Amino acid sequence: MSSKVPASSPANVRIGEGTPIMFTRNPLPRLAAFCAALISAGLPVAAETQVVVKTASVSLDFQVGHDGRLYQRLIGSEFENDRFQRADESYPQAGDGYVMEPALQVTHADGNTSTVLLYQGVERKTETPGVELTRIRLRDPAYAFQADLCFRTHQALDVIEQWVELRHEEAKPVLLQHMASSALLLSPTNLWLTHFYGDWTAEMQPVSEPLSPGTKVLDSKLGVRAAQFRNPSFVLSLDGRPTENSGRVLAGSLAWSGSFQCAFEHSGRSVRALCGVNPFASAYHLNPKENFVTPAVIWAWSARGLGDMSRKLHSWARDFGIRDGRKPRGVLLNNWEATGFDFDFARIAGLFPAAKDIGTELFLLDDGWFGNKYPRTNDQAGLGDWLPNRRRLPNGLGPLAQAAVKEGLRFGIWLEPEMVNPKSDLFERHPDWVISQPKRPLELQRNQLVLDLTRPKVQQFEWQVIRDILGVPGITYAKWDCNRYLTQPGSSWLAPDRQSDLWIDYVRALYSLMDKTVKTFPDVELMLCSGGGGRAEYGALRYFHEFWPSDNTDPVTRLKMQWDYSYFFPAMTICSHVTHSGQRPLHFACSVAMSARFGMDLDLAKLSTEDKTVCAGAIRAYKQIRDVTHLGDLYRLERPHEAARGALNFVSADRSRAVLFVFQLQDGQLLPVRLQGLDPARQYIVRELNPAPGRASLPEEGKSINGEELMRNGLLPSCSKALEACVVELAG
């Protein structure tokens, strides 16, 4: 973790552009032999002893050993070690002496299963002010095979994007069997891992545990909708169990929508974090002169706990991880609770006036608008037949979108382009287009199958579907869904000996489709959905504005989920809709939704007058504070898990405004909440937003209170009974 070069450095000779090869004791015989090997391999001359990749507060320290391999000092270690072992190699390769879990395993064109990567040089490039790309070049002296270790550093944010690029010029394809994106080494002392498991409607369940000798593996073998059972994000805490405001923590988030693996190998003397594509069933054939780019791992460092870590990662995400990250999100109303599959033009258009009156800005038409031979009247038919149903929408989507626009609403549409029902015209015409295994009966999930995106005609079909739908005038929003994962991973398009390429090539084709969508329709806002949180990761999210975290919309459950998602994702990306799920008070549900990206799945016509007033007030309040909650800094104050209360606050960049959310989960005492992040010298006017009907007002309503006092002594909320909530704006 230090860039200091010890005064007692061994003798060295410079090779390549970056780092010397180091020798101890009588180096001349080994030096001569080693240099001869390097010269014959065409490796250039080096210029420095170390390669340091650093941000404002953290550095990754690499050094070349006497054998020409690149080694890494342990993150979190207080000792500077120059006596490296093979276990300290920065990107270990299988087959030539390394006996632990490799980062890279390759079968070369001639069948050799060993790889040796020697340091060749380093390149640095300033991409924008404060953002630098470092590329460390490694090469096999016996084969025309190379690996570039890539690091993009965001200096002020302490964020590092890490990935690897592999390339070869061998006579025939090579087989990549392990190709990790990262293989960072950390000190094992008091190291804890926080990770998140779950399932449909129970996503993002947190677990914190100390790492002990052995290997802890977090993985997905689902291929599609890959994060259903486990999210590819985690936190490593170097000072024991992580806390919000103290301790060294390193967040990792793998930007990949396919099968993944994050393995933490504890050897006793170090812990290696091997993150990337899951090697299970994913051996990949890399053709000569092709570039294989692994997915990136986004690392965020803080020496001041989880809160500071999250704020840095959120700031990175708004500028680099999502679309339009500096633009607050609107208010959405979904038709699903009002109509389900049972609607026509008049029924949907009839919802627009009430939506406008209550303050909605965007109307989303959900599932059920398509299919003719097999109408989409339930989830058993119609997927794949993306023409509007002639009975329901005789003139197509255009008139409906224009009716919404005329009412003063934006119009959005649901689609699931990757899927098909067996009961569809598409499947009848192209049964070979689905992912399936020969000689096995089709296995359905939610009555549907996955289209094979490795097949060019499927790529063309799906792009035509997206282009035709999003090209309808008036459509400015889309919910891209994906409601199953792979269980029979076979492709009739890929050759029999290339079946394992499916897992990676599907995701690459998916990203290509998403990229084309964004470039063709830059003004269309996109929600990423996958039967809940199955794609809550930065691989797909860079093409989207927000994601649907779970089909469980009970606000008590969502409050905890949103808390855990917030370790990695800013509030503006987390869709939170008001529903009747759990039969909670509507004021409580609205308050939970206001703390994220606000939406509603309600039948407005069935709401009581009081509930309509609550919803309208929540919408007005959300519009008033969304620039703070979406663009400001988040401070998690009181964790709601297994607690009587949860609380958090957001603070604007200039600290002139703040918003406090308090959620009472059980009956309890009226106790003050201590805010964080305020300007201690500033006076703040305190006002409760959208107070609950019939409840006593905020004790400090309308008063001017010093920021230092609010952080030291706290603020009494207006809620103390179970399922009450309080939202307070503080303006300086």
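Small disclaimer: the values here were computed from a predicted structure and weren't measured. (Residues numbered from 1 in each chain as written. Predicted model: local features only at pLDDT ≥ 70, side-chain atom pairs only at ≥ 80, totals over all residues. Heavy atoms only, no water.)

Asker: Talk me through the packing of helix 11 (residues 555–565) against helix 12 (residues 586–594); I want residue IDs and the actual numbers.
Answerer: Relative orientation of the contacting elements helix 11 and helix 12 amounts to 20°, with a least axis distance of 10 Å. One finds that helix 11 runs roughly parallel with respect to helix 12. Our pair here, helix 11 against helix 12, has a crossing hand that is left-handed. The residues of helix 12 that touch helix 11, namely those facing Pro555, Val556, Arg558, Leu559 and Gln562, are Phe588, Ala589 and Val592. Broken down by class, the residue content of the contact of helix 11 with helix 12 amounts to 6 nonpolar, 1 polar and 1 charged. (Axes fitted to C-alpha atoms, helices over the stretch in contact; angles between N-to-C directions. Helix = DSSP H or I, 4+ residues; strand = E, 2+ residues; numbered from the N terminus. Parallel < 35°, antiparallel > 145°, perpendicular 65-115°, else oblique. Left-handed = near helix turned anticlockwise from the far one by under 90°. Contact = heavy atoms within 4.5 Å. Nonpolar A, V, L, I, M, F, W, Y, C, P; charged D, E, K, R; others polar.)

Asker: Before we move on, could you go through the packing of aromatic side chains and cite the residues and values that matter?
Answerer: Taken as a whole and assessed by the stated rule, the structure comprises 32 aromatic pairs. A ring pair is formed by Trp256 and Tyr511, whose centres lie 6.0 Å apart and whose planes are at 85°; its orientation type is edge-to-face. Note that Trp256 is positioned in the loop between strand 16 (249–254) and strand 17 (260–266) and Tyr511 in helix 9 (residues 502–520), a separation of 255 residues in sequence. The class of Trp256 is buried, set by a relative accessible area of 7%. A residue is classified by how much of its surface remains accessible, and Tyr511, at 9% relative accessible area, is buried. Their ring planes at 80° and their centres at 6.5 Å tell us that Phe352 and Phe411 sit as a pair that is edge-to-face. Of this pair, Phe352 sits in helix 5 (residues 352–358) while Phe411 is found in strand 24 (residues 410–415), placing the two residues 59 residues apart along the sequence. Overall, the relative accessible area of 1% leaves Phe352 in the buried class. Since its relative accessible area comes to 0%, Phe411 is described here as buried. (Phe/Tyr/Trp six-rings, centres within 6.5 Å; stacked < 30°, edge-to-face > 60°. Buried < 20%, exposed > 50% of the residue type's maximum accessible area, 1.4 Å probe, protein only.)

Asker: Please provide a residue-by-residue account of unusual backbone geometry, values included.
Answerer: Even without a glycine there, the phi angle at Thr201 is positive, about 70°. With respect to the helices and strands, Thr201 occurs in the loop between strand 12 (192–197) and strand 13 (205–210). Positive phi, normally seen in glycine, also occurs at Asp324, with a value near 50°. Within the secondary structure, Asp324 sits in the loop between helix 2 (305–321) and strand 22 (332–334).

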